[in-house]
Amino acid sequence: MMLFGSSAAVCGAVVALAIFGRAAGSEINAVHSSAVVNAACGDAIVGAASMYDPFKPGKEEGGPSTASGERYDRSVWAAAIKTSLRRKFGGVQFGARPKYALVEAVGKKVIVKINDVGPLRPGRIIDLNERTMRYFDPSLELGVIRDVKVSPLAGDYWSPGPVG
């Protein structure tokens, strides 16, 4: 089941704040206040999240490439969005700047870089890399996290990581 909800006015406010913060020379980390992150742009999508790790030692030096052209890196805050949601998350294109999203689950929030897409299993909307999955499931025992809320973030200058 997918749920949608957000407002264009709030989205505009987030974009304006991000641009103002950038113009003022401040770090975008200052934009990570709960009030601003709660106002993520675009309609939120709710579904299940799983973990992916395509790295196979000896296959490709540094790991395989993602849809954005970056190498897969299990140690950064990143994720792959379901291919059918590609447009909603800014188009994730080869060689283009990655997009960002706010991921919320089990009482935690994290900003991730959306740098890949994939044909996920039914009901799943996002595949988290190892670091991001460990944030929500430190033991990696769950395998799938249900009721994950994913909201696109406007702008290109977010700092991925936990949001307090």
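Above this text sits the structure in question.
Draft legend 1. Structural view of the overall build of the protein chain. Along the protein chain, the regular secondary structure elements total three helices and seven strands. Here the protein chain holds 164 residues, and 45% of them are scored as buried. Within the protein chain, counting contacts between residues at least 6 apart in sequence, those at least 24 apart form 77% of the total. Accessible surface, the protein chain: about 8,400 Å² in total, of which carbon and sulfur atoms supply 55%.

Draft legend 2. Layout of the pairing of strand β3 (residues 99–105). Most of β3 is tucked away: six of the seven residues are buried. Here β3 folds back onto strand β4 (residues 108–118), and the loop between the two strands holds two residues, one of which, V106, carries a positive phi near 40 degrees. Examined bridge by bridge, β3 and strand β6 (residues 144–153) share five bridges and lie antiparallel to one another. Residue E104 lies in a different strand from β6, and its bridge partner there is K149.

Draft legend 3. Seen up close, the side chain of N129. One can find N129 in the loop between β5 (124–128) and α3 (130–136). Judged by its relative accessible area of 0%, N129 falls in the buried class. Excluding its chain neighbours within four sequence positions, the residues that come into contact with N129 are M51, Y52, Y72, D73, R74, S75, V76, A78 and A79.

Draft legend 4. Just the pattern of salt bridges, in detail. Applying the stated rule across the entire model yields four salt bridges. For K113, the salt bridge is made with E70, and the minimal N-O distance between the two is 3.4 Å. Highlighted residues: K113 in strand β4 and E70 in the loop between β1 (45–51) and β2 (78–82), separated in sequence by 43 residues. K113 gets classed as buried once you look at its relative accessible area, which sits at 16%. What makes E70 partly exposed here is its relative accessible area of 26%. For K109, the salt bridge is made with E104, and the minimal N-O distance between the two is 4.0 Å. Several salt bridges converge on common partners, so that one network encompasses R74, E130 and R134.

Draft legend 5. Representation of the packing of aromatic side chains within the structure. A complete count under the given rule lists three aromatic pairs for this structure. Measuring from ring centre to ring centre gives 5.6 Å for W77 and Y135, while their planes differ by 90 degrees; the resulting arrangement is edge-to-face. Of this pair, W77 sits in the loop between β1 and β2 while Y135 sits in helix α3, placing them 58 residues apart in sequence. Residues Y135 and F136 carry aromatic rings whose centres are separated by 5.3 Å and whose planes lie at 70 degrees to one another, so their mutual orientation is edge-to-face. Following the ring pairs from residue to residue traces out a cluster consisting of W77, Y135 and F136.

Calculation criteria
Residues numbered from 1 in each chain as written. Predicted model: local features only at pLDDT ≥ 70, side-chain atom pairs only at ≥ 80, totals over all residues. Heavy atoms only, no water. Helix = DSSP H or I, 4+ residues; strand = E, 2+ residues; numbered from the N terminus. Buried < 20%, exposed > 50% of the residue type's maximum accessible area, 1.4 Å probe, protein only. Contact = heavy atoms within 4.5 Å. Areas by Shrake-Rupley, 256 points an atom, 1.4 Å probe, with all protein chains shown as cover. Pairing = 2+ DSSP bridges. Salt bridge = Lys/Arg side-chain N within 4 Å of Asp/Glu carboxyl O. Phe/Tyr/Trp six-rings, centres within 6.5 Å; stacked < 30°, edge-to-face > 60°.

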